Amino acid sequence: MLVTEIQQAGAARERGADEASEKMAPVDTSGDTASGEQTEPHSGRRRLAMWWLSHSPDRTALLIWFFWQVASYIYLILAAPGRTEDAILDRFNRYDSYNFMDIAKYGYDGRPDDPDAPRLVAFFPGLPLLLRSLHLVIPDLRLALVLISLVASAVVAVALSRLSESYREGSGPWAVLAFLLSPFAVFLLAGYTEALFLALAIPAWLLARRGRWEAAAVCAAFASSIRITGLFLAFGLLVQFLVSRDGLRAPRGWRNAPWLVLPGVPVLAYMIYLWHRTGDLMAWKAAEAQYWGRYPVAPWNVFIDTWHRSLNEPVLATSYREEILSALVLVLLIIARLVRRNWPDVAYLAPQAVALLAMSSFYMSVGRASLLWWPLYISVGVVGSRRPWVMMAYLAVAAPVWAINVGNFTTGAWIG
């Protein structure tokens with residue numbers, strides 16, 4: 001109770017400072033200068049710095065992100081002896097990372113000596129295009145990928161904190177802590193799409209909650225150029241537009257409706273490109289089916305196959321069981337959102353459940369996809385801000401698995 005009172009008192013002081021700042025805004029002042037006087041050259045940057053320093057949730061989110069980075073590198077170093085001698089950059093660039101680098105360097109034709117180059121069309125062009133642009137100033141593509149994830153994960157930390165704060169004041173840092181210590185958070189460090197996608201998707205969701213539909217649609221469009229999940233994001237934004245007071249029900253709200261088509265444009269453009277290239281609009285889906293076994297299967301058969309794999313493949317047993325648990329969490333999360341009638345969250349999460357649990361021969365990358373379920377981490381953050389013991393219980397389970405997965409992934413083990 002004492003901690004809660006202190007937090008509430010601190011929040012009250014910050015609100016008071018913000019209100020005082022707003023009251024003073026009409027006065028033509030800058031720092032200590034009087035109205036009408038010449039402003040100092042660096043006054044704008046000083047005001048920006050003071051605003052950021054006074055915005056406690058942002059500062060706390062970035063501090064959590066920074067120390068999470070430190071902890072991740074500590075585990076990376078401690079896990080290496082006897083398991084890997086790879087360079088640091090290679091430890092964070094595994095598996096799909098090399099597919100993105102191949103596309104950035106050679107295009108979708110792939111390396112000349114790669115017999116399986118047709119698989120590359122399964123990867124959307126957003127990240128490879130960014131990587132190719134950075135290659136002009138960063139010769140090492142491995143470094144460019146790691147830097148993309150580094151910057152994007154910082155953006156995600158701040159955006160997630162602000163989104164959580166929009167649900168309950170004081171919950172932002174808790175949500176960020178739950179997110180960064182989630183079992184599969186190592187992929188936010190790796191050369192994968194999760195960090196970059198979330199750096200666009202979460203701001204899109206937050207902008208939509210604030211009624212800024214044009215900006216939300218632009219962010220979602222960039223997100224959909226990175227992975228197909230961008231279409232699920234667009235569907236969630238559409239439902240949010242239909243039920244929100246700042247959406248269709250707002251005065252002349254219908255004028256914003258055409259913006260919600262924008263996230264589909266990058267996907268359509270890529271499909272047209274594939275049609276010209278291969279004669280198949282859905283060549284990316286055909287590649288997933290051929291190379292990764294992603295095709296429609298009855299959900300119960302997917303579960304049974306994954307369970308049998310967990311029993312018959314000892315090396316990957318833990319990974320398969322993590323996938324099963326992640327699938328269970330997704331189903332429970334959707335049920336909880338249905339009970340609360342949170343239709344935008346359901347619209348975003350339900351298509352993911354179909355894609356992950358019924359469009360693959362076994363559970364594959366479900367755990368990694370859990371990073372995209374920000375309603376889960378906001379729920380943990382909101383509840384944790386009210387009942388700290390819930391957060392402690394969550395961290396007692398999630399943090400050790402996170403540490404183990406950091407060690408496993410960076411030493412070359414498959415974790416999802």
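- In the nomenclature of an unreviewed UniProt entry, the protein is known as Mannosyltransferase (PIG-V) of Microbispora siamensis.
- For the record of the protein, the UniProt heading Pathway (unreviewed entry) holds the text "Glycolipid biosynthesis; glycosylphosphatidylinositol-anchor biosynthesis."
- The Subcellular location (unreviewed entry) field of the UniProt record for the protein holds the comment "Endoplasmic reticulum membrane".

1. Here we look at the UniProt feature "transmembrane region" (unreviewed entry) in the protein
Point 1. Taking the numbering used here, the UniProt-annotated feature "transmembrane region" (unreviewed entry) corresponds to residues 62-81, 141-163, 175-208, 215-237, 257-275, 352-377 and 389-415.
Point 2. With 90% helix and 0% strand, residues 62-81 has its two end C-alpha atoms placed 30 Å apart.
Point 3. In residues 215-237, the share of helix is 83% and the share of strand is 0%. The end C-alpha atoms are 12 Å apart.

2. Concerning the pattern of salt bridges
Point 1. Scanning all chains against the criterion turns up 15 salt bridges.
Point 2. The residue Asp 90 makes a salt bridge to Arg 142 at a minimum N-O spacing of 2.9 Å. Of the two residues, Asp 90 is situated in helix 4 (residues 88-92) and Arg 142 in helix 7 (residues 141-167); the sequence distance between them amounts to 52 residues.
Point 3. A single network of salt bridges, built from pairs that share partners, joins Asp 102, Arg 111, Asp 113, Asp 114 and Arg 119.

3. Re the nonpolar core
Point 1. Among the nonpolar cores identified, the biggest contains 110 residues, and Leu 198, Leu 233, Trp 373 and Trp 374 are the most heavily contacted of them.
Point 2. With 13 residues, the top contributor of residues to this core is helix 9 (residues 194-209).
Point 3. In contact with Leu 198, not counting residues within four places along its chain, are Val 156, Phe 179, Leu 188, Pro 203, Leu 371, Leu 372 and Trp 374.

The rules behind the values
- Residues numbered from 1 in each chain as written.
- Predicted model: local features only at pLDDT ≥ 70, side-chain atom pairs only at ≥ 80, totals over all residues.
- Heavy atoms only, no water.
- UniProt positions renumbered as here; feature names shortened; annotations may be inferred.
- Helix = DSSP H or I, 4+ residues; strand = E, 2+ residues; numbered from the N terminus.
- Salt bridge = Lys/Arg side-chain N within 4 Å of Asp/Glu carboxyl O.
- Core = buried A, V, L, I, M, F, W, Y, C linked by side-chain atoms within 4.5 Å.
- Buried < 20%, exposed > 50% of the residue type's maximum accessible area, 1.4 Å probe, protein only.
- Contact = heavy atoms within 4.5 Å.

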